[in-house]
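Structure assessment
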Amino acid sequence: MPVGFLQDSRAWIEVDEGAITRNTRLLRQRIGPNVKLMAVVKANGYGHGDGATAKAARAGGADAFAVASLAEAVGLRHQGLQEPILVLGHLSRSDEVHACLRWHVLPTVSTMDQARLFHTVASRLGACLPVHVNLDTGMARLGVPWQEGAALIQAILRLDGLQVEGVYSHLAAADAVDPSLTKQQQQRFDRVLAALANGQPAGLCRHLANSAATITDSGLHYDMVRVGLALYGHAPAEHLEGILPLQPAMAVRARVTILKTVPAGTGISYDHRYHTKRPSRLAVVAIGYADGVPRLLSSRMGVLHQGQWLPQVGSITMDQLVIDATDHPRLHTGAVVTVLGNDETASISPRQWGQACGTIPWDILCGFSSRLPRLQAVHSAPHGGQPTIS
Ligand SMILES: *Cc1c(COP(=O)(O)O)cnc(C)c1O
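Cut-offs applied
Residues numbered from 1 in each chain as written. Predicted model: local features only at pLDDT ≥ 70, side-chain atom pairs only at ≥ 80, totals over all residues. Heavy atoms only, no water. UniProt positions renumbered as here; feature names shortened; annotations may be inferred. Axes fitted to C-alpha atoms, helices over the stretch in contact; angles between N-to-C directions. Helix = DSSP H or I, 4+ residues; strand = E, 2+ residues; numbered from the N terminus. Parallel < 35°, antiparallel > 145°, perpendicular 65-115°, else oblique. Left-handed = near helix turned anticlockwise from the far one by under 90°. Contact = heavy atoms within 4.5 Å. Near = heavy atom within 4 Å. Polar contact = N/O pair within 3.5 Å; in protein donor to acceptor, adjacent residues only side chain to side chain. Areas by Shrake-Rupley, 256 points an atom, 1.4 Å probe, with all protein chains shown as cover. Core = buried A, V, L, I, M, F, W, Y, C linked by side-chain atoms within 4.5 Å. Buried < 20%, exposed > 50% of the residue type's maximum accessible area, 1.4 Å probe, protein only. Domains from an automatic or database assignment.

The protein appears in an unreviewed UniProt entry as Alanine racemase from Candidatus Synechococcus spongiarum LMB bulk15M. Under Function (unreviewed entry), UniProt gives the following word-for-word description of the protein: "Catalyzes the interconversion of L-alanine and D-alanine. May also act on other amino acids." As its UniProt record puts it under Sequence similarities (unreviewed entry), the protein is described as follows: "Belongs to the alanine racemase family."

In structure tokens:
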């Protein structure tokens, strides 16, 4: 359907793929040439578009990709990515094992039941399936309890349908100021590796670090790091901002559709949760919570236009929100406002949104819906100019 000409009519996401490439390069410099970089592009590349993100990260030196589901992995293959792809989520069906073999996707193993099934399916085909074993060192989520990790790995090594290519674990609080939980998890990780000692398969890829651990501590890098949030230009915590000059890759923009002047005391939007305090000029902006602007931000957010901040007023609705443009008489119908991201010298970050509504930048970024087209940012045009369709 030729909808391209409609894509920037209402609201859209601009993705600066060059920023993702530069961020990847910075992280690559951080880890040095002997450590691999796995770009985490699950959840549609944290909302940025997974194929575009993966290609931009690859241009900056990413060696491999991680996703949450098999469908995401196969989606990357369809988009032409040929690098190793690890599925972080739990696979447990034989058709999933077939797909891993067919698409050269690496599954994660956390249980002996999985190992037996994967081995049975692979060996029936005369194949050997490379896998990564996940150790639960303190997240209490996926992964084999670390105390049983060495035994599971040794058992898998005896199955000729499987090849243990990697061993990993996931940190629960690498972005905390207090490193004690991370230290404890690292000790447990090291104890499993030590228990394997001589039995450790040659070329085993050990990986533990997420973005926070990659940024803060080279002792956590091992053979590979798995970076998500930092690729997209955001530090995982406020106290980690500025360590690397990361550049946010996403901007969310929307159009002003209607302007109106109302008297003081006018109730705005559902339930009139806001009343104007003076005669006001209101602007309706064509984006709402169905697009991923959290309704919890109602009357607690603003938008940017030509680098200036305009407050949002009243309840955010499914498809629209209202801003107070009284102090911005030049704002016109059809103008483009920035809802999130950079606008000239000003910016609004997913951390600010998260702080205002009680969540984290990850949740904000991957909360934007598929109704918003992802367009590639164009730098020659000023913000608010015409982005191209990627
Ligand atoms: C999502 C995820 C990551 C990436 O985390 P960031 O904090 O975004 O860098 C790494 N490892 C695992 C297992 C994950 O689920």
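Resuming the write-up.
At a minimum axis distance of 9 Å, the contact between helix H5 (residues 94-103) and helix H6 (residues 112-124) shows a crossing angle of 60°. Overall, the two elements H5 and H6 adopt an arrangement that is oblique. Handedness of the H5/H6 crossing: right-handed. Residue-level inspection shows Ser 94, Val 97, His 98 and Leu 101 of H5 in contact with H6, the latter providing Leu 117, Phe 118, Val 121 and Ala 122.

Neighbouring residues of the ligand: 13 residues in total, closest Lys 42, Tyr 46, Ser 211, Arg 226 and Leu 229. Between the ligand and Tyr 46 there is a distance of 2.6 Å, counted from an oxygen atom to a side-chain nitrogen or oxygen. Gly 228 is positioned with one of its backbone polar atoms (N or O) 2.9 Å from an oxygen atom of the ligand. The protein chains hide 91% of the 390 Å² of surface that the ligand would expose on its own. Looking at the shell around the ligand, the elements that each hand over two or more residues are helix H2 (42-46) and strand E10 (224-227).

Time to look at the nonpolar core. By size, the foremost hydrophobic cluster in this structure holds 116 residues, and its most contacted members are Ile 287 and Trp 353. Per-element tally for this core: the top contributor is helix H1 (residues 17-31), with 5 residues. Counting the residues that make up this core, at least three belong to each of domain 1 (18-235) and domain 2 (250-389). The contact partners of Ile 287, leaving out residues within four places of it in the chain, are Arg 10, Ala 11, Val 252, Ala 254, Val 293, Asp 319, Gln 320, Leu 321, Val 339 and Leu 372. Judged by nonpolar contacts, the second largest core, of 6 residues, contains Val 262, Ile 268, Leu 282 and Val 322.

This brings us to unusual backbone geometry. Phi angles above zero are rare outside glycine, and Ala 140 is one such case at about 55°. Tracing the backbone through its elements, the reader meets Ala 140 in the loop between strand E6 (129-136) and strand E7 (144-145).

Here Ser 211 lies in helix H9 (residues 211-216). Taking relative accessible area as the criterion, Ser 211 reaches 5% and is therefore assigned buried.

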